[in-house]
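Coordinate inspection notes
Below are the chains, spelled out letter by letter.
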Amino acid sequence: MTRVITYGTFDLFHEGHRRLLERAKALGDYLIVAVTTENFDDARGKLNVAQSLMERIQNVRDSGLADEIIVEEYEGQKVNDIQRHRVDIFAIGSDWVGKFDYLNDYCKVVYLERTKGVSSTELRNAGGVLKVGVVGSGRIAARFVAEARFVSGVSIEAVCSRSLESAQRFAAKLELETAVADFDELLQSVQAIYIASPHGTHYDYAKRAIKVGVHVLCEKPMTLTKAQTVELFELARERKVVLLEAVKTAFSPGFQRMVAVARMGFIGRIRSVDATFTKLVDSGRELQAPDGGSISELATYPLLAAVKLIGTDFTDVHTLSLRPSAGGVELFSRIDIKYPHAIASARSGIGVKAEGDLVVAGEHGYIYVPAPWWKTEYFEMRFEDSQDNKRYYYKFDGDGLRYELAEFAYMIRNGVLESFKLRQEESIAMADILERARANPEYFG
Ligand code: CTP
């Protein structure tokens with residue numbers, strides 16, 4: 001008996017999939033189809049798969065062509081599968097020519113001509129590509145445009161900047177169609193915007209966009225006060241528009257896993273979270289009052305760790321800030337957050353450099369995430385007896401901005417107004433802590 005295996009995502013099952021399976025099956029007597037998990041697809045940068053693993057397995061089952069269905073979960077699995085299942089032939093579409101030649105050591109590799117004119121990507125985009133406009137023409141905006149190329153179904157069409165000249169320069173450099181200085185003009189040409197302008201301008205831009213039904217992905221901090229954040233979410237709910245705070249870490253696979261592992265009980269009840277993020281800055285708006293300073297610039301990351309790991313029911317916030325010159329901005333701050341049963345300490349610095357790590361302390365053990373913890377690729381669960389320690393590895397692709405954009409696009413496409421990866425209540429709690437921390441610090445230095 002000749003055993004054949006093939007692999008794929010099989011999202012929105014189409015004619016190309018069916019024809020591939022038919023030909024793969026015809027190569028032998030028994031066909032094994034491996035369907036990828038969301039995790040595996042995430043790790044290889046295939047974001048925006050529309051159907052769940054169960055639905056995609058069902059697609060393959062319904063084709064009636066598979067004798068056996070397995071799941072592909074990790075890199076390197078093909079080598080093991082081929083041996084375990086005593087596979088004679090590995091078959092895959094011609095879009096992969098050459099990529100799987102290494103499997104010739106284990107079985108015969110056959111590349112089958114891909115069916116022209118159909119793909120899951122096209123079907124996912126059938127509802128149209130999501131047109132996005134960028135507000136602001138600074139560094140983060142440029143990185144965002146570059147990252148957007150990794151998210152299917154999204155097209156960055158236009159940029160809006162207060163200075164038309166800098167918008168035009170940005171558009172030319174990043175090959176965008178349109179550059180405008182008039183925000184209302186931008187709103188007319190796109191379905192969604194990404195706000196990456198100075199912090200103090202977020203609220204107004206977001207509000208104007210939501211009012212005309214344009215979805216908003218807003219750089220952190222979304223606003224500088226709790227009241228404004230609450231108001232924007234209310235307005236977004238009313239207008240049925242997606243509003244999401246662009247805290248990239250929240251949407252990255254490694255961080256989500258770390259939170260899940262921390263909350264599943266192995267380390268016992270979480271009693272303390274210590275998170276640090278520092279980035280030295282010598283000039284620019286980060287150093288300018290009233291909106292600059294280490295808290296508004298960077299504290300969102302450590303605050304994200306606090307709200308995701310402990311919660312939003314804090315009872316007190318106390319802040320110590322380094323401010324070498326009166327009237328200047330604070331350059332380093334420690335925000336201590338008290339909860340009924342736990343504490344968190346969020347350190348941020350633009351004029352002091354510290355180790356950017358994260359420690360989640362529980363009653364039985366702790367989780368250690370080394371710097372840069374906000375791009376979580378690795379973490380360790382540690383115990384009194386180091387033999388019990390466990391290590392976890394994940395992939396964090398590029399800049400990470402692709403993860404927030406993929407989530408944003410998913411929400412818009414599926415009419416989901418709130419992401420469990422960063423709930424509205426969590427953004428509101430972060431705004432609340434940030435506002436209190438900035439309003440009333442105890443200065444030193
Ligand atoms: N395939 C094919 N013809 C197509 C589309 C896919 O032969 N028109 C093959 C692929 O080469 C692969 C298998 O079907 O061997 C599963 O591919 P998958 O990645 O699930 O499908 P795509 O439509 O290519 O998905 P995407 O657009 O998301 O990359």
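Refer to the structure presented above.
So, here is what we can say about the structure in this document. (Residues numbered from 1 in each chain as written. Predicted model: local features only at pLDDT ≥ 70, side-chain atom pairs only at ≥ 80, totals over all residues. Heavy atoms only, no water.)

Here the largest pocket defines a volume of roughly 1,100 Å³. The set of elements that each furnish at least two residues to the lining of the largest pocket consists of strand 1 (3-8), helix 1 (15-26), helix 2 (38-43), helix 4 (77-84), strand 4 (89-93), helix 5 (120-124) and helix 12 (253-263). Considering only enclosed or pocket space, the second largest pocket measures out at about 790 Å³ in volume. Around the second largest pocket sit 35 residues that line it, and Arg139, Ile140, Ala196, Arg285 and Glu297 are the ones nearest its centre. Only helix 6 (139-148), helix 9 (202-211), helix 13 (294-298) and helix 15 (401-414) provide two or more residues apiece to the lining of the second largest pocket. Take the lining of the second largest pocket: its biggest share by element is 3 residues, from helix 6. A class-by-class count of the residues in the lining of the second largest pocket yields 12 nonpolar, 10 polar and 13 charged. (1 Å grid on protein atoms, 1.4 Å probe; cavity = no way out; pocket = protein on both sides within 12 Å on 5 of 7 lines; lining within 4 Å. Points joined across faces, edges and corners; volume = space filled by probe spheres on them. Helix = DSSP H or I, 4+ residues; strand = E, 2+ residues; numbered from the N terminus. Nonpolar A, V, L, I, M, F, W, Y, C, P; charged D, E, K, R; others polar.)

Moving on, we come to helix 9. Looking only at helix 9, the buried set comprises His202, Tyr203, Tyr205, Ala206, Ala209 and Ile210. In a view along the axis of helix 9, the buried residues occupy a sector of 170°, so they form one face of it. In this structure, the buried side of helix 9 is in contact with strand 6 (130-135), helix 8 (183-189), strand 9 (192-195), strand 10 (215-219), helix 10 (226-239) and strand 11 (243-246). The positive-phi residue at the C-terminal boundary of helix 9 is Gly213, with phi of around 80°. (Buried < 20%, exposed > 50% of the residue type's maximum accessible area, 1.4 Å probe, protein only. Arc of directions from axis to C-beta. Contact = heavy atoms within 4.5 Å.)

Counting residues in each nonpolar core, the largest one holds 90 residues, and the members touching the most others are Met258, Ile335, Val360 and Ile367. The greatest single-element share of this core, amounting to 8 residues, is contributed by helix 15. If sequence neighbours within four positions are ignored, Val360 has contacts with Met258, Ala262, Ile267, Ile270, Ser272, Val273, Leu309, Gly365, Tyr366 and Ile367. Membership of the second largest hydrophobic core comes to 26 residues, among which are Leu187, Ile193, Met222 and Leu243. (Core = buried A, V, L, I, M, F, W, Y, C linked by side-chain atoms within 4.5 Å.)

Below, the discussion takes up the site of the ligand. Taken together, 18 residues are adjacent to the ligand, and Asp95, Val118, Ser120, Thr121 and Arg124 come closest. Take Thr115: an N or O atom from its main chain is 2.8 Å from a nitrogen atom of the ligand. Contact distances for the ligand include 2.6 Å between a nitrogen atom and a backbone N or O atom of Val118. Contact with the protein chains covers 93% of the free accessible surface of the ligand, which is 570 Å². (Near = heavy atom within 4 Å. Polar contact = N/O pair within 3.5 Å; in protein donor to acceptor, adjacent residues only side chain to side chain. Areas by Shrake-Rupley, 256 points an atom, 1.4 Å probe, with all protein chains shown as cover.)

Considering all chains together, one arrives at 28 salt bridges under this definition. Residues Arg18 and Glu15 are paired through a salt bridge, measuring 2.5 Å at the closest nitrogen-oxygen approach. Here Arg18 and its partner Glu15 are both found in helix 1, 3 residues apart, which amounts to about one turn of the helix. On the basis of relative accessibility, which here comes to 30%, the residue Arg18 falls in the partly exposed class. Overall, the relative accessible area of 38% leaves Glu15 in the partly exposed class. A salt bridge links Asp399 to Arg143; the nearest nitrogen and oxygen atoms lie 2.6 Å apart. (Salt bridge = Lys/Arg side-chain N within 4 Å of Asp/Glu carboxyl O.)

So, on to the packing of helix 6 against helix 15. Relative to each other, helix 6 and helix 15 sit at 70°, their axes nearing to 9 Å. Between helix 6 and helix 15, the interaxial angle falls into the category roughly perpendicular. Here the hand of the crossing between helix 6 and helix 15 comes out right-handed. Residues Ile140, Arg143, Phe144, Glu147 and Ala148 of helix 6 pack against Leu401, Arg402, Glu404 and Leu405 of helix 15. Residue composition of the contact of helix 6 with helix 15, by class: 5 nonpolar, no polar and 4 charged. (Axes fitted to C-alpha atoms, helices over the stretch in contact; angles between N-to-C directions. Parallel < 35°, antiparallel > 145°, perpendicular 65-115°, else oblique. Left-handed = near helix turned anticlockwise from the far one by under 90°.)

What follows concerns the sheet that holds strand 4. Sheet architecture is open: 5 strands sit in the order 3-2-1-4-5, paired in parallel fashion. Edge strands, defined here as strands with exactly one partner in the open sheet, are strand 3 (68-72) and strand 5 (108-112). Between one strand axis and the next, the sheet turns by 25° as a mean value, whatever way the strands run. Where strand 4 and strand 5 come together, 5 bridges link them in parallel fashion. Residue pairing across strands places Ile92 opposite Tyr111, the latter belonging to strand 5. (Pairing = 2+ DSSP bridges.)

It is worth spelling out the packing of helix 12 against helix 14 (residues 300-309) at this point. A pair of packed helices is characterised by two quantities: the angle between their axes and the separation of those axes. At a minimum axis separation of 10 Å, helix 12 and helix 14 run at an interaxial angle of 40°. Between helix 12 and helix 14, the angle falls in the class oblique. Relative to helix 14, the crossing made by helix 12 is right-handed. Residues Phe255, Met258, Val259, Ala262 and Arg263 of helix 12 lie in contact with helix 14, whose contacting residues are Leu304, Ala305, Val307, Lys308 and Leu309. The class makeup of the residues in the contact of helix 12 with helix 14 is 8 nonpolar, no polar and 2 charged.

Turning to the side chain of Lys421, a few remarks are in order. If you trace the backbone, Lys421 turns up in the loop between helix 15 and helix 16 (424-439). Excluding residues that lie within four positions of it along the chain, Lys421 makes contacts with Ala250, Phe251, Gln256, Lys308, Glu407 and Glu426.

Cis peptide bonds are those with omega within 30 degrees of zero, and the linkage from Lys220 to Pro221 qualifies with -15°. Checked against the element boundaries, Pro221 lands in the loop between strand 10 and helix 10. Residue Ala371 is joined to Pro372 through a cis peptide bond whose omega torsion reads -10°. Of note, Pro372 is situated in the loop between strand 17 (365-369) and strand 18 (378-383). Even without glycine at this site, Leu12 takes up a positive phi of about 50°. Inspection of the secondary structure puts Leu12 in the loop between strand 1 and helix 1. Taking the relative accessible area as the measure of exposure, Leu12 reaches 24% and is therefore partly exposed. Look at Arg86: it is not a glycine, yet its phi comes out positive at around 50°. Note that Arg86 resides in the loop between helix 4 and strand 4.

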